[in-house]
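Below are the chains, spelled out letter by letter.
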Amino acid sequence: MASPMRSLLTDPDRYLQSFRLFLERSTEHQSMREFVERQLPDVIASIGNGKSTINVLSVGSGAGEMDLQILSKIRARYPGVTINNDAIEPSADQISKYKERVAQASNLENIKFTWHTETANEYESRMNAEKKTKKWDFIHMIQMLYYVKDIPATLRYFHSLLESQGKLLVILVSGKSGWETLWKKYGSSFPLEDLCTFVSSGDLPRMLDAAGLKYQLYELPSHLDITSCFIEGDKDGELLLDFLTETIDFAKTAPPELKRQLIEELRKPGCSEIRDGKVFFNSSLGVIVIEP
């Protein structure tokens, strides 16, 4: 009998709803912002040396919130330099939000934006078809490698586009996070339908070593309040369970035994910690900075 479980990625509206709730309840953007404030200046310290134009490529930009913070740091490091920022993002809805954000932002003079409504693979295919190999001073891929078919090939391709002083920044869930525990144990029960692969920062060193690439790793602590996931029938709790398992209506469509085991797992120290009666899922991130 076919399982009634369906991948969350087949319902973009439900996915965005659950993703927004995840951002609201987690410290993910906060911990990324802290990284951009504290560590990014060192990462970009030499990407624009001697240049009058800096080219930045954002792969999987979403609505551009992190992009604009990264760009403001690059601008602060290289005042007066023109920055060309290209963003690749398959969701037209996210791109229109990004454009709104740019329209409302001040201090973006010297920054030129180009948006491409396509996936990383589509961008690569188009560039190859047009026989173009534009080089970039800084490329970043934030929380997007889960959605590519061949991760090592994608990393190799974008790495090949770096200028001699360029850097490729990748952010993923950490290999020490609750995601790692949950997905290594239950991922094969989730209905991914080829739309999503579980990968964490713990998997990347093997791929990068095999490709002979040099890199640095950083850990960014982050947590997600999942207390509502343990309240039967709680709408927010159900949305968060959908996001954690990439499954539409996980609470209603998962086999009862899988649901019971997963809810139990979410309380354990491998996934979460309990503080002041609340359950906080370990949603820590790993950052990998790959050298040219």
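Criteria and cut-off values
- Residues numbered from 1 in each chain as written.
- Predicted model: local features only at pLDDT ≥ 70, side-chain atom pairs only at ≥ 80, totals over all residues.
- Heavy atoms only, no water.
- Helix = DSSP H or I, 4+ residues; strand = E, 2+ residues; numbered from the N terminus.
- Buried < 20%, exposed > 50% of the residue type's maximum accessible area, 1.4 Å probe, protein only.
- Polar contact = N/O pair within 3.5 Å; in protein donor to acceptor, adjacent residues only side chain to side chain.
- Disulfide = S-S within 2.5 Å.
- Contact = heavy atoms within 4.5 Å.
- Core = buried A, V, L, I, M, F, W, Y, C linked by side-chain atoms within 4.5 Å.
- Pairing = 2+ DSSP bridges.
- Axes fitted to C-alpha atoms, helices over the stretch in contact; angles between N-to-C directions.
- Right-handed = clockwise from strand over helix to strand, strands pointing away.

### Considering the environment of Asn 49
On the secondary structure map, Asn 49 appears in the loop between α3 (40–43) and β2 (53–59). Asn 49 sits in the partly exposed class, given a relative accessible area of 45%. Between the C-alpha atom of Asn 49 and that of Tyr 123, which follows or precedes it by 74 residues, the distance is 27 Å.

### What about helix α8 (residues 178–186)?
For α8, every residue scored as buried is listed here: Gly 178, Trp 179, Glu 180, Leu 182, Trp 183 and Tyr 186. For α8, the N-terminal cap is Ser 177; the gap from its side-chain oxygen to the backbone nitrogen of Trp 179 is 3.3 Å.

### Here's the deal with helix α10 (residues 235–245)
Counting buried residues in α10 gives nine out of 11 residues, a clear majority hidden from the surface. Within the span of α10, buried status applies to Gly 237, Glu 238, Leu 239, Leu 240, Leu 241, Asp 242, Phe 243, Leu 244 and Thr 245.

### Quick notes on the state of the cysteines
All told, the structure shown has zero disulfides when counted by the stated rule. Lacking any disulfide linkage, Cys 271 is separated from the closest cysteine sulfur, that of Cys 229, by 11 Å. When its relative accessible area of 1% is taken as the criterion, Cys 271 is described as buried.

### Quick word on the side chain of Ser 201
On the secondary structure map, Ser 201 appears in the loop between α8 and α9 (204–210). Since its relative accessible area comes to 6%, Ser 201 is described here as buried. Beyond its immediate stretch of four places on either side in the chain, Ser 201 contacts Leu 172, Val 173, Ser 174, Gly 175, Glu 219, Gly 286 and Ile 288.

### With respect to the nonpolar core
Among the nonpolar cores identified, the biggest contains 63 residues, and Leu 145, Leu 155, Phe 158, Val 170 and Leu 204 are the most heavily contacted of them. Apart from residues no more than four positions distant in its own chain, Leu 145 is found in contact with Ile 151, Thr 154, Leu 155, Val 170, Leu 172, Val 199 and Leu 204. Counting 32 residues, the second-largest nonpolar core is a separate cluster that includes Met 66, Ile 83, Val 102 and Phe 138.

### So, the sheet that holds β2
One open sheet holds the seven strands; their spatial order is β4-β3-β2-β5-β6-β12-β7, and the pairing between them is mixed. Each of the sheet's edge strands pairs with one partner strand only, and the pair in question is β4 (111–116) and β7 (215–220). The mean angle between the axes of side-by-side strands here comes to 15 degrees, regardless of whether they run parallel or antiparallel. Relative to strand β6 (residues 162–173), strand β5 (residues 136–142) runs parallel, the two being bridged by six bridges. Bridging from a neighbouring strand, Met 141 pairs with Val 170 of β6. Across the face of the sheet, helix α7 (residues 151–159) comes into contact with β2, β3 (82–88), β5, β6 and β12 (285–290) while running at roughly 150 degrees to β6.

### Observations regarding the pairing of β2
Most of β2 is tucked away, with six of its seven residues classed as buried. Where β2 meets β3, seven bridges bridge the pair, whose relative direction is parallel. Each residue of the ladder has a partner; that of Thr 53, found in β3, is Thr 82. With helix α4 (residues 65–77) bridging β2 and the parallel β3, this β-α-β connection has right-handed handedness.

### What to know about the sheet that holds strand β10 (residues 272–275)
Overall, antiparallel pairing links the three strands, which are arranged β8-β11-β10 in an open sheet. Among the strands making up the open sheet, the edge pair consists of β8 (223–225) and β10. The average undirected angle you get between the axes of adjacent strands in this sheet is 30 degrees.

### What about the environment of Gly 270?
The topology assignment puts Gly 270 in the loop between α12 (256–267) and β10. Considering only alpha carbons, one finds Gly 270 and Gln 94, 176 residues apart in sequence, at a separation of 33 Å. Those residues in contact with Gly 270 that lie beyond four places of it in its chain are Ser 177, Gly 178 and Thr 181.

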